[in-house]
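Fold and contact review
The chain contents come next:
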Amino acid sequence: MESVDVRVLRAARDWHAAGHRLMLATVVKTWGSSPRPPGSMMALREDGRCIGSVSGGCIEDDLIHGYTTVYDGPGMPRSAPRLVRYGVTADEAHRFGLPCGGTLELLLEFEPDPAALDELVRRLEAGQLVCRTVNCRSGAAILKPASAPEPLHFDGDTLSSTFGPQYRMLLIGAGALAEYVATMALFNDFAVTLCDPRAEHRDSWAVAGVFITTEMPDDAVRIFAPDARSCIVALSHDPKLDDMALLEALHSPAFYVGAIGSRRNANSRMQRFIEHFDEMEASVRRLHSPVGLYIGSKTPAEIAVSVMAEIIAVKNGAVPARRLCVEYASVEST
């Protein structure tokens, strides 16, 4: 599974190449509660076909009514970009299914520059981080390399969005828990790699769309080449495998490094890393272990929800309070 952004941009490029007229809609501002955050995109074709999302569905329907020929509408205009706002009044919020007090503003780009779209998609497919800046008056788009992900910027005259390679996840150890975590990660647009050199565990893997490697875990981490959009989670319960991966991962730019296990095992691992592998306490503190948020989970599926929730929280900068993490909550609950 690939990034939603890439799918939307590739569809827009391909539709234009096939001779279709189209529009690219981007959420540029939100007030109060809104169903989709700034930066959310959809591509809409003149015949009503669309990909991506800017709301829960009602605004998409309004755009289809207003800018396509599906309902005998005027079709796709030939004009400069337009700013449209939904949910300004309570009646509009109710009409479009927006939460109470929710308002969002969209930039509509009609016939975005096909050459710039093609170049953007090619860069993204090559794993590059790219900033796309759109002149909201003329529709002209400029692409520049980016060194780090940046939040969407919109000042009424220009829109700057950072697009980058897909978030990636490396799982160490096959098994039921890893399968649930991988499934949830795929649904959340992560590219997932599984590392397990043990054939007896690896051969029962049943989740499609996951790249599988049989390298030893430390080699797998080096080959994976973690960056700031990567996370690494050790789930094998075998210190011979998990430790090898974690010792490499802790010194990488990965935004999240975690390991399954009891609190006692986590403390033992920390001491082992410090006493036998010359790790510093500061580096070991990067490790989320026991992994996950405390939700009283018992089954592999429930534990996977806990693990994925913590990963997404850290990814989105919503670092959970210590009391919500398994490694601390499990102590307070005893």
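Described in the following lines is the structure provided in the data block. (Residues numbered from 1 in each chain as written. Predicted model: local features only at pLDDT ≥ 70, side-chain atom pairs only at ≥ 80, totals over all residues. Heavy atoms only, no water.)

Right, let's get into the nonpolar core. Of all hydrophobic cores here, the largest spans 28 residues; its most connected members are Met169, Leu171, Phe190, Val192 and Ile311. Of all the secondary-structure elements, those providing two or more residues to this core are strand E10 (168–172), helix H5 (176–187), strand E11 (191–195), strand E13 (230–234) and helix H11 (300–315). The element best represented in this core is H5, accounting for 6 residues. Core analysis: the second largest hydrophobic core is formed by 20 residues, Val221, Phe224, Ala254 and Phe273 among them. (Core = buried A, V, L, I, M, F, W, Y, C linked by side-chain atoms within 4.5 Å. Buried < 20%, exposed > 50% of the residue type's maximum accessible area, 1.4 Å probe, protein only. Helix = DSSP H or I, 4+ residues; strand = E, 2+ residues; numbered from the N terminus.)

Here the focus is the pattern of salt bridges. Tallying each qualifying case throughout the model produces 22 salt bridges. A salt bridge links Glu125 to Arg10, with the nearest nitrogen and oxygen atoms 2.7 Å apart. Of the two residues, Glu125 sits in helix H4 (residues 114–125) while Arg10 sits in helix H1 (residues 4–17), which places them 115 residues apart along the sequence. Note on Glu125: relative accessible area 46%, which makes it partly exposed. Connected through salt bridges with shared partners, the residues Arg13, Asp14, Asp118, Glu119, Arg122 and Arg123 form a single ionic network. (Salt bridge = Lys/Arg side-chain N within 4 Å of Asp/Glu carboxyl O.)

Okay, the sheet that holds strand E3 (residues 50–52) next. Within a sheet, each strand pairs with its neighbour through backbone hydrogen bonds, oriented either parallel or antiparallel. Ordered in space as E3-E2-E1-E5-E4, the 5 strands form an open sheet in which the pairing is antiparallel. Two strands lie at the open edges of the sheet, namely E3 and strand E4 (82–86), each paired on one side alone. On average, each strand axis in the sheet is inclined to that of its neighbour by 25°, with strand direction left out of account. With 3 bridges connecting them, strand E2 (residues 41–45) and E3 associate as antiparallel partners. Counterpart to Met42 in the pairing with E3 is Gly52. Running at roughly 20° to E2, H1 makes contact with strand E1 (22–31), E2 and E3 of the sheet. (Pairing = 2+ DSSP bridges. Axes fitted to C-alpha atoms, helices over the stretch in contact; angles between N-to-C directions. Contact = heavy atoms within 4.5 Å.)

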